[in-house]
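Here's the letter readout for the chains.
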Amino acid sequence: MKKPFKRPLKQQVQNHLDQVQMDTSQFTALEKLMANNEQKEKKDSRSSWVPLAAAGMFFFAVITAFMALQFSKDNLLTMPQQIAEEVVSNHLKLKPLEVKTGSIDAVRGYFNKLDFMPVESSLQALGNLQLIGGRYCSLQGITAAQLRMKQGKNLQTLYETEYVPAVFGDLPSLEKGEAPLVIYAKGIKVKVWVEKGLLFALTDSPAVTGRKENDG
Amino acid sequence: MELDRTSLEKLYRYAYTLTANQADAYDLLHNAIETGLNRPSDTAEKYIAYLRVIMRNRFIDEYRHNQSFPHEDIDDHSPVSMSGSSLEDVVIASHDLSVLWKTIEPVDREVLYFWAVEGLNMREISEKLEISRGTLLSRIHRLRKRLSENVNDRQRGQV
């Protein structure tokens, strides 16, 4: 009887396991199984980021639209109109007065942190108004004095600030014989003019019965 | 993650090492791939290692269901005199190994697989199988003895 040929165990184990092979159909089945999952993963990952991306794009679009709207709104308004809008907006709030006085000198004494001196205007319309006080404010980002005027029970707001042409643009000057610009904002008439190197903006709101003055 | 045929073949051989049956090996591998499909792995090596763990755990579960998996039945403190390379000088005929393969305990087949196919040393095998080095050496000692006895018995026509 022929004696079996012996080899080292390690080699025999390797040989034995080398003979163990899957057939083509088994390979194909396993590859198909993995490929299907690969496609599913891609689909899943797509479906997971698509809603996020859509939400992000929607958010971006909303923000962009909002900013564009604000930008276009500001740009569509002329500078006098923007001044009038800001003046009326603050006029309607009637924020508490920081100084209560009927004297322009006392007002000047209070507004000592301004880069300009509040002055009386020569505009005739102001002749009927009585000064009752004021507060620090700003107009288009420039520090201003917000003065409150009274005519009977009717309150008006007068803004005075340094006239900066680069900011406020070309405005009518009383000294040149030009009439104030008349602009309506939120239903309230606003006169805007330049006088003595200052920009003036005066509301001319209709009389309001029963409106309580919030003067702090 | 998709694997190439070489990797699949390797996994299949490991499955066969556990089951000692080609049909069972295929089922075990198929099942492991199904289970591990959704596991994200950055490299093929990690994915292969993961599939191997799945197969092993699944096999042990099924094995335990039928009989106790002979994993911890060797006395870790039994005297071990041989070195880690004690299988190196064992020689065996191809036919004898084929016959004995099914009778060897699954854990011992794993030892042979990692030693002969993966080229791991004893320390690496003990880490892989999560058994102590002493246990592994005892197991190798018994395996070596058993292989010799079985081959001798076969040569004498007793098996």
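Above: the structure in question.
Analysis parameters
- Residues numbered from 1 in each chain as written.
- Chains lettered and ligands numbered in written order.
- Predicted model: local features only at pLDDT ≥ 70, side-chain atom pairs only at ≥ 80, totals over all residues.
- Heavy atoms only, no water.
- Helix = DSSP H or I, 4+ residues; strand = E, 2+ residues; numbered from the N terminus.
- Buried < 20%, exposed > 50% of the residue type's maximum accessible area, 1.4 Å probe, protein only.
- Contact = heavy atoms within 4.5 Å.
- Areas by Shrake-Rupley, 256 points an atom, 1.4 Å probe, with all protein chains shown as cover.
- Patch = residues over 30% accessible without salt bridge, like charges linked within 9 Å, V, L, I, M, F, W, Y side chains within 5 Å.
- Salt bridge = Lys/Arg side-chain N within 4 Å of Asp/Glu carboxyl O.
- Buried area = accessible area lost by both parts, 1.4 Å probe.
- Polar contact = N/O pair within 3.5 Å; in protein donor to acceptor, adjacent residues only side chain to side chain.

### Thoughts on the overall build of chain B
Argument step 1. Helices and strands together make up the secondary structure of chain B, namely 7 helices and 1 strand.
Argument step 2. Along its sequence from the N terminus, chain B presents helices and strands in the succession α-α-α-β-α-α-α-α.
Argument step 3. Scored against the burial criterion, the 159 residues of chain B give a buried share of 48%.
Argument step 4. Across chain B, the fraction of contacts at a sequence separation of at least 24, relative to all contacts at a separation of at least 6, is 66%.
Argument step 5. Split by element, the accessible area of chain B, about 8,000 Å² in all, is 45% carbon and sulfur.

### A word on a nonpolar patch on the surface
Residues and elements named next belong to chain A.
Argument step 1. A cluster of nonpolar side chains, contributed by F59, I63, F66 and M67, occupies part of the molecular surface with about 450 Å² of accessible area.
Argument step 2. Examined against the element boundaries, M67 turns out to sit in helix α2 (residues 24-76).
Argument step 3. Look at M67 and you get exposed, because its relative accessible area is 55%.

### Focus: the interface of chain B and chain A
You'll often see interface size given as the accessible area lost when the parts meet.
Argument step 1. Of the residues lining the interface, 36 residues belong to chain B; the matching set on chain A comes to 29 residues.
Argument step 2. Across the chain B/chain A interface, buried area totals approximately 3,300 Å², and carbon plus sulfur atoms make up 64% of it.
Argument step 3. Per-residue buried area on chain B facing chain A is highest for R5, R13 and Y26 of chain B; these three make up 19% of the total on that side.
Argument step 4. At the surface where chain B touches chain A, the tally comes to 3 salt bridges.
Argument step 5. With its nearest N and O atoms 3.7 Å apart, the salt bridge here joins R13 of chain B to D18 of chain A.
Argument step 6. Here chain B and chain A share 10 residue pairs in polar contact (both at pLDDT 80 or more) between them.

### Brief notes about the side chain of T101 of chain A
All names here are of chain A.
Argument step 1. Relative to the assigned elements, T101 resides in the loop between β2 (99-100) and α4 (104-110).
Argument step 2. Of the polar contacts made by the side chain of T101, one reaches the backbone nitrogen of S103; its length is 3.0 Å.
Argument step 3. With sequence-adjacent residues up to four places away left out, T101 is seen in contact with A106, V107, L131, I132 and G133.

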